[in-house]
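The lines below spell out each chain.
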Amino acid sequence: ALQGTWREEHLFALRQAVEQYDFCAEQIRACDLEIEKVLIRFEDRSNGRKVPSKRRKTRRRNEPAIDLRAYLFRMTGVDLVGIEGIDELTAFKVVSEIGPDVDPWATVKRFCSWPALAPGTKITGGRVLSGRTKPSANRVATALRIAARSLWQSDSALGAFLRRKSAQLGRPKAITATAHKLARMIYYMLKYGTEYVVKSQQQYEEEHRQRMIRNLKRRARSFGLEVIDPQRSQDLAPPKPAPA
């Protein structure tokens, strides 16, 4: 690509651009090393455990030169990157805003309300006027919305949840609802040290189906009715008389 007839000013401009690129790369590297010095000062809550193996082997553009996932696991004791849609940078943004624990928030509802991801509670006379979330420039909310937006093509339970909510509420509200779900997961993991359990789309759909059946049975009982499973109705049916 560099073969050709080039004038002196072209080569000078190219040399300047390359030197500027190398300088910026060196500055970014210095920032990464400075961040690493800060991260290593935090208390080790991993109890000597090793961070789980990476799901993604390729390195993304502009990814820090340090192993953020290992440092986050050491700081928090849980692997937030194990959640679908949450990468190292997203988890780092969340932890840098809230800290390595969620002690300032007594409940998960208060935690989700802080970044304005919880549904609104505009109610008067027992009637819900609006469930719209409050406008907010919170960095945690922005990071989680971007993470939720990356789940459109995911075959995980979170991807199925996002697509189902999109069909019900539209894309913007579905992204906010999925970001709210991610916030709840992060809270429980940091609060109780639990590990994220990966679920497939099929598992989510089956759980959703069972939940709908339970709700239907509960509503039927409120009207004095009973919902009978087809298989059960066949078992309870009287046997057919034998032909004469």
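The structure presented is a predicted model; accordingly, all values stated were derived computationally and were not measured. (Residues numbered from 1 in each chain as written. Predicted model: local features only at pLDDT ≥ 70, side-chain atom pairs only at ≥ 80, totals over all residues. Heavy atoms only, no water.)

Colleague: Could you give an account of the overall build of the chain, with specific residues and numbers?
Modeller: Of the regular secondary structure elements, the chain holds nine helices and two strands. Taking all 244 residues of the chain together, 31% fall into the buried category. Counting only contacts in the chain whose residues sit at least 6 apart along the sequence, the fraction spanning at least 24 positions is 62%. (Helix = DSSP H or I, 4+ residues; strand = E, 2+ residues; numbered from the N terminus. Buried < 20%, exposed > 50% of the residue type's maximum accessible area, 1.4 Å probe, protein only. Contact = heavy atoms within 4.5 Å.)

Colleague: Describe helix 3 (residues 88-98), naming the residues involved and giving the relevant values.
Modeller: Counting along an α-helix, one turn takes 3.6 residues, and residues three or four places apart therefore face a common direction. Residues of helix 3 that are buried include every one of E88, T90, A91, V94, V95 and I98, and no others. For helix 3, the buried positions fall inside an angular range of 165° around the axis, keeping them on one side. On its buried face, helix 3 is in contact with helix 2 (68-76), helix 4 (108-113), helix 5 (139-149) and helix 7 (171-192). G99 sits one or two positions beyond helix 3 and adopts a positive phi of about 95°. (Arc of directions from axis to C-beta.)

Colleague: How would you summarise the nonpolar core if you had to cite specific residues and measurements?
Modeller: With 41 residues, the main nonpolar core has L80, I83, I98, F111, L144 and L182 as its most contacted residues. When contributions to this core are tallied by element, the ones reaching two or more residues are helix 2, helix 3, helix 4, helix 5, helix 6 (157-169) and helix 7. The biggest single contributor to this core is helix 7, with ten residues. When residues no more than four places from it in sequence are discounted, the contact partners of I98 are W105, F111, W114, V140 and L190. (Core = buried A, V, L, I, M, F, W, Y, C linked by side-chain atoms within 4.5 Å.)

Colleague: Run through the confidence of the model for the chain, naming residues and quoting values.
Modeller: Interpretation of this model should avoid reading the predicted coordinates in detail wherever pLDDT is low. Within the chain, residue pLDDT values average 85, and 85% of them lie at 70 or more. Across the chain, helix 5 holds the top mean pLDDT of 94, while helix 9 (residues 230-236) sits lowest at 60. (pLDDT = per-residue confidence, 0-100.)

Colleague: Describe in detail unusual backbone geometry, supporting the description with residues and values.
Modeller: Of all residues except glycine, most have a negative phi; of all peptide bonds, most are trans. A positive phi angle, close to 55°, is found at N47, a residue other than glycine. Relative to the assigned elements, N47 resides in the loop between helix 1 (8-39) and helix 2. A positive phi angle, close to 60°, is found at A116, a residue other than glycine. Assessed through its relative accessible area of 10%, A116 is described here as buried.

Colleague: Please give an account of the pattern of salt bridges that cites residues and values.
Modeller: Across all of its chains, the model carries nine salt bridges by this definition. In this structure, E9 and R7 form a salt bridge, with 3.1 Å as the shortest nitrogen-oxygen distance. Residue classification places E9 among the partly exposed positions, given a relative accessible area of 44%. Assessed through its relative accessible area of 52%, R7 is described here as exposed. Close ionic contact of E34 with K37 constitutes a salt bridge, the shortest N to O distance being 3.9 Å. Here E34 pairs with K37, and both are found in helix 1, just three residues apart, close to one helical turn. Of the residues examined, K37 reaches a relative accessible area of 49% and is grouped as partly exposed. The structure contains a network of salt bridges with shared partners spanning E43, R45 and D101. (Salt bridge = Lys/Arg side-chain N within 4 Å of Asp/Glu carboxyl O.)

Colleague: How would you sum up the packing of aromatic side chains? Please name residues and give values.
Modeller: Tallied over the entire structure, the rule returns six aromatic pairs. Three or more aromatic residues link up through ring pairs in this structure, and these residues are W105, F111, W114, Y187, Y188 and Y192. Here the guanidinium or amino end of R171 rests over the ring plane of W152, the centre of that ring lying 4.0 Å away. Across from the ring centre of F161, 4.7 Å away, lies the NZ or CZ of K181, which sits over that ring. (Phe/Tyr/Trp six-rings, centres within 6.5 Å; stacked < 30°, edge-to-face > 60°. Lys NZ or Arg CZ within 6 Å of the ring centre and 35° of its normal.)

Colleague: Describe the environment of M189, listing the residues and the values that go with them.
Modeller: Relative to the assigned elements, M189 resides in helix 7. Contact partners of M189, with chain neighbours within four places excluded, come to V78, D79, L80, I83, T194 and Y196.

Colleague: Describe in detail the packing of helix 5 against helix 7, supporting the description with residues and values.
Modeller: Close contact between helix 5 and helix 7 brings their axes to 8 Å; oriented N to C, the two are set at 110°. Of the possible angle classes, the one that applies to helix 5 and helix 7 is roughly perpendicular. Crossing hand, helix 5 versus helix 7: right-handed. Of the residues in helix 7, those in contact with L144, R145, A147, A148 and R149 of helix 5 are I175, T176, T178, A179, L182, A183 and I186. Per-class residue counts for the contact of helix 5 with helix 7 are eight nonpolar, two polar and two charged. (Axes fitted to C-alpha atoms, helices over the stretch in contact; angles between N-to-C directions. Parallel < 35°, antiparallel > 145°, perpendicular 65-115°, else oblique. Left-handed = near helix turned anticlockwise from the far one by under 90°. Nonpolar A, V, L, I, M, F, W, Y, C, P; charged D, E, K, R; others polar.)

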